[in-house]
Amino acid sequence: APLQDSDLKNIAELGMGNGGSVMKVEHVPSGVVMAKKIVLIDAKPSVRKQILRELHIMHRCSSPFIVSFFGAYLSEPNICICMEYMDKGSFDSIYKTIGSKGRPNEAISGPIPIGIVRQLAKRVLGGLVYLKDEMEVLHRDIKPSNILLNSEGEVKLCDFGVSGELENNVAKTFVGTSVYMSPERIQGSDYSVKSDVWSLGITLIELAHGCFPFADSEVEEDTPIDLTALTPISSLPSSLPSAQRHSRRKSRGVSLQGGVGTLSILELMHHIVREPPPTLITPSVPHSLEFTEEAAQFVVYCLKKDPGERMNPRDLLEMGWMDDTGRGEEMTLRMWAGTL
Ligand code: ADP
Ligand code: MG
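Residues numbered from 1 in each chain as written. Chains lettered and ligands numbered in written order. Predicted model: local features only at pLDDT ≥ 70, side-chain atom pairs only at ≥ 80, totals over all residues.

The name that an unreviewed UniProt entry assigns to the protein chain is Kinase-like domain-containing protein, with the source organism given as Lentinula lateritia. Under the UniProt heading Sequence similarities (unreviewed entry), the entry covering the protein chain gives this text: "Belongs to the protein kinase superfamily. STE Ser/Thr protein kinase family. MAP kinase kinase subfamily." (UniProt positions renumbered as here; feature names shortened; annotations may be inferred.)

Right under this line is the structure:
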């Protein structure tokens, strides 16, 4: 039977993003617990139907690296998308609450162990290869909040770009999550699966450092970007006046690796396009000095600014850092998930 609101009982709210909210629900007739994403769509009925048709192809999607899909339906004025519930949540909330045990009201961010980041990278790449080869889609929104964990130790991707119409209608003038965007995408050039690889590289640094690489703790990862303001990026002055810099609200600002100062999101976009990419090992994050050269190299290949030089997911899977052999000392994802 098709999914419908009357069969779903709300259990808890899991989170809120740009496009809507996500609820933990129980499908009462079957007893299956699901995550229900509610997306407000401001579009005519024909477009809504088109979105549902596009989402339908997710029924074909079956991979250990992608959350399973139970179905989608219209619940005016929303579209509800029901997917596998991942009981340990997303990696952004995981790293932002590590270390806060016993102090539940105080979220203290902490780094994810590098061995766990390594295993996560492998699964995300597996997911990207699957999406490209089997589903013929790019993910388009790789970031810690779209990488989920369960207590089995499984790591899976959610929120990938199966529906162009859905993206068009959620994101009218604003596009979320641009801080993970590759330089070519910021500049409006053609992009490919390598753009997802860039976003993975930024994500790996963020998780391993316990903070966004272009930022101190103040960053709002989902600050929407007005693309119309970004279009003439090449024509913007190469350095913005410092008065403008200091007038920015702190919460909208981000600090660069190495502490260059606070930047607005627009300035950050400039920085990503113009400056060298961030690195896994950096003096500003003392514990990163312990990471291996193998790990650092892997991230270098994810963060080549020229997509022609950047590696694709398949080649990255062949790199030394992705080889599990001889890593007996590394905690398994399942054991680690049990500590959360
Ligand atoms: P964003 O990804 O930008 O944070 P979303 O609306 O996509 O916004 O998701 C909001 C939050 O809901 C996520 O950050 C995540 O913690 C949680 N979430 C999303 N999908 C699931 C799921 N399938 N299982 C468990 N938690 C989920
Ligand atoms: Mg999401």
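Moving on, there is more to tell.
Caption draft 1: Representation of the environment of Leu-340. Counting through the fold element by element, Leu-340 comes out in the segment after α12 (333–339). Taking the C-alpha atoms as reference, Leu-340 lies 12 Å from Glu-152; in sequence the two are 188 residues apart. Beyond its immediate sequence surroundings of up to four residues, Leu-340 is in contact with Lys-88 and Ile-94. (Helix = DSSP H or I, 4+ residues; strand = E, 2+ residues; numbered from the N terminus. Contact = placed C-beta atoms within 7 Å.)

Caption draft 2: Geometry of unusual backbone geometry. Each neighbour pair has its own omega, and for Glu-76 with Pro-77 the value is 0°, a cis peptide bond. You can see Pro-77 is positioned in the loop between β4 (69–75) and β5 (78–84). One non-glycine residue with positive phi stands out, namely Arg-140, at about 80°. Mapped onto the fold, Arg-140 is located in the loop between α3 (114–135) and β6 (147–149). The phi angle at Asp-159 is positive, at roughly 60°, despite the residue not being glycine. Summarising the element assignment, Asp-159 is placed in the loop between β7 (155–157) and α4 (164–170).

Caption draft 3: Structural detail: the pairing of β5. The buried count for β5 comes to 5 of 7 residues, which makes it a mostly enclosed element. Bridging between strand β3 (residues 32–40) and β5 involves 7 bridges; their strand directions are antiparallel. When the bridges of β5 are listed, Leu-40 appears paired with Asn-78. For β4 and β5, the ladder comprises 6 bridges, and the chain directions are antiparallel. Across the sheet, the residue bridging to Phe-69 is Met-83, located in β5. Between β4 and β5, which pair antiparallel in sequence order, lie 2 residues. (Buried ≥ 20, exposed ≤ 12 C-beta atoms within 10 Å, placed from the backbone. Pairing = 2+ DSSP bridges.)

Caption draft 4: Structural detail: the sheet that holds strand β2 (residues 20–27). Spatial ordering of the open sheet is given by β1-β2-β3-β5-β4, a layout of 5 strands whose pairing is antiparallel. Lying at the two open borders of the sheet, with one neighbouring strand each, are β1 (8–16) and β4. Within this sheet the neighbouring strands show an average axis-to-axis angle of 25°, counted without direction. Relative to β3, β2 runs antiparallel, the two being bridged by 8 bridges. By the bridge assignment, Ser-21 is partnered in β3 with Ile-38. Sitting on the sheet, helix α1 (residues 45–56) touches β4 and β5, and the angle it makes with β4 is about 175°. (Axes fitted to C-alpha atoms, helices over the stretch in contact; angles between N-to-C directions.)

Caption draft 5: Geometry of the nonpolar core. Judged by nonpolar contacts, the single largest core of 73 residues is most densely connected at Met-83, Val-117, Val-124, Leu-204, Ala-208, Val-299 and Cys-302. With residues near it in sequence (within four places) discarded, Ala-208 still touches Pro-111, Ile-112, Ile-114, Val-117, Leu-280 and Ser-288. (Core = buried A, V, L, I, M, F, W, Y, C linked by C-beta atoms within 7 Å.)

Caption draft 6: Main features of the packing of α3 against helix α6 (residues 193–209). Across the interface, α3 lies against α6 with an axial gap of 10 Å and an inter-helix angle of 165°. With respect to α6, the element α3 is oriented roughly antiparallel. Viewed along their axes, α3 and α6 form a crossing whose handedness is right-handed. Of the residues in α6, those in contact with Ile-114, Val-117, Ala-121, Val-124, Leu-128 and Lys-132 of α3 are Val-193, Asp-196, Leu-200, Leu-204, Leu-207 and Ala-208. Of the residues that constitute the contact of α3 with α6, the class distribution is 10 nonpolar, no polar and 2 charged. (Parallel < 35°, antiparallel > 145°, perpendicular 65-115°, else oblique. Left-handed = near helix turned anticlockwise from the far one by under 90°. Nonpolar A, V, L, I, M, F, W, Y, C, P; charged D, E, K, R; others polar.)

Caption draft 7: Region of the structure containing α6. Here α6 contains 17 residues, and its C-alpha end-to-end distance of 25 Å stays within 8% of the 24 Å for a straight helix at 1.5 Å per residue. Within two residues after α6, Gly-210 carries a phi angle of roughly 80°, on the positive side. (Expected span 1.5 Å × (residues − 1).)

Caption draft 8: Structural context of the confidence of the model for the protein chain. Mean pLDDT over the protein chain stands at 83; residues scoring 70 or higher make up 80%. Residue range residues 103–107 is modelled with pLDDT below 50. Its contacts to residues more than four positions away, or to other chains, number 4 contacts. Note on residues 216–253: pLDDT under 50 across the span, and 57 contacts to partners over four residues away in sequence or across chains. Reported confidence for the predicted complex is 0.99 by ipTM and 0.86 by pTM. (pLDDT = per-residue confidence, 0-100.)

Caption draft 9: Representation of the UniProt feature "binding site: ATP" (unreviewed entry) in the protein chain within the structure. UniProt's entry tags Lys-37 with the feature "binding site: ATP" (unreviewed entry), counted in the numbering of this structure. Positionally, Lys-37 belongs in strand β3. Setting aside anything within four residues of it in sequence, one finds Lys-37 in contact with Gly-20, Val-22, Cys-80, Ile-81 and Met-83.

Caption draft 10: Region of interest: the site of ligand 1. Around ligand 1, 24 residues are found, and the nearest of them are Gly-15, Gly-17, Ala-35, Ser-90 and Ser-145. Of all elements in the fold, only β1, β2, β5 and α2 (91–97) reach the threshold of two or more residues within the shell around ligand 1. By residue number, the principal contributor to the shell around ligand 1 is β1, which donates 3 residues. Its residues assigned to classes, the shell around ligand 1 shows 10 nonpolar, 10 polar and 4 charged. (Near = placed C-beta within 6 Å.)

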